[in-house]
Amino acid sequence: MTCIYPGSFDPMTFGHLDIINRAAKFCDTLIVAVLNNSSKTKATLFSVVERMEILREATMHLPNVEIDSFAGLLVNYAQARGASVVIRGLRAVTDFEYEFQMALTNRTLGEGQGVRLETLFIPTSTEFLYLSSGIVKEIAAHKGDISNMVPPHAAKKIYKKFDGTYQGGI
């Protein structure tokens, strides 16, 4: 079974890595797909290529995980890659409403194209409930310690995007 874990991963966090590690256990192939959507108005900290590099380094211990990028509709990408399952992590009840809507939308779009696309929700581990990419960026921008939020190689790249002055924890 080929699964896709899509997201912006800007930057990837230990929460993302937790979902990847857990999903990789039951997927034959897990494609971590970095969204490359230039129509989004939100600026990213890292380019798609940089995000993919960070993810590759963080997941090199998982032989069935592939890092890729996609643009456009997820259902089209899933069809092109032969994937039948979308993996989504849930931190809190507030995530569920949006994710549920997206799951139903993807299923409906897929059925219209003859594609069966199911979404599997994986609740985040308790220690990562508070964690988001936005929080990581905010703390790093103010020179705070993000060493318990992202892998060391990612922390170094995040600090470099700001002024690179934080010296602790990495």
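To be clear, the structure that these remarks concern was listed above.
None of the values given here were measured: they were computed from a predicted structure. (Residues numbered from 1 in each chain as written. Predicted model: local features only at pLDDT ≥ 70, side-chain atom pairs only at ≥ 80, totals over all residues. Heavy atoms only, no water.)

Undergrad: Any chance you could explain the sheet that holds strand S5 (residues 118-123) here in plain terms?
TA: Within a sheet, each strand pairs with its neighbour through backbone hydrogen bonds, oriented either parallel or antiparallel. On the basis of which strands lie adjacent, the open sheet formed by five strands has the order S3-S2-S1-S4-S5 and parallel pairing. Every other strand in the sheet has two partners, leaving strand S3 (65-70) and S5 as the edge strands with one partner each. The sheet shows a mean angle of 30° between the axes of neighbouring strands, direction not considered. One ladder, built from two bridges, connects strand S1 (residues 2-7) with strand S4 (residues 85-90); its direction is parallel. Note that in S4 the partner of Ile4 across the bridge is Val86. Helix H3 (residues 74-81) contacts S1, strand S2 (29-35), S3 and S4 of the sheet and is inclined by roughly 135° relative to S3. Sitting on the sheet, helix H4 (residues 93-112) touches S4 and S5, and the angle it makes with S5 is about 160°. (Pairing = 2+ DSSP bridges. Helix = DSSP H or I, 4+ residues; strand = E, 2+ residues; numbered from the N terminus. Axes fitted to C-alpha atoms, helices over the stretch in contact; angles between N-to-C directions. Contact = heavy atoms within 4.5 Å.)

Undergrad: Is there a simple way to explain the packing of aromatic side chains in this structure?
TA: Two aromatic rings are characterised by how far apart their centres lie and by the angle between their planes. Per the counting criterion, the structure on display carries five aromatic pairs. When the centroid spacing of 5.2 Å and the interplanar angle of 80° are considered together, the rings of Tyr5 and Phe9 count as edge-to-face. Relative to Tyr77, the ring of Phe70 lies with its centre 5.0 Å away and its plane at 25°, an arrangement referred to as stacked. Of the two residues, Phe70 and Tyr77, neither departs from the other in class, the shared state being buried. One aromatic cluster is present, formed by Phe96, Phe100 and Phe121 through successive ring pairs. (Phe/Tyr/Trp six-rings, centres within 6.5 Å; stacked < 30°, edge-to-face > 60°. Buried < 20%, exposed > 50% of the residue type's maximum accessible area, 1.4 Å probe, protein only.)

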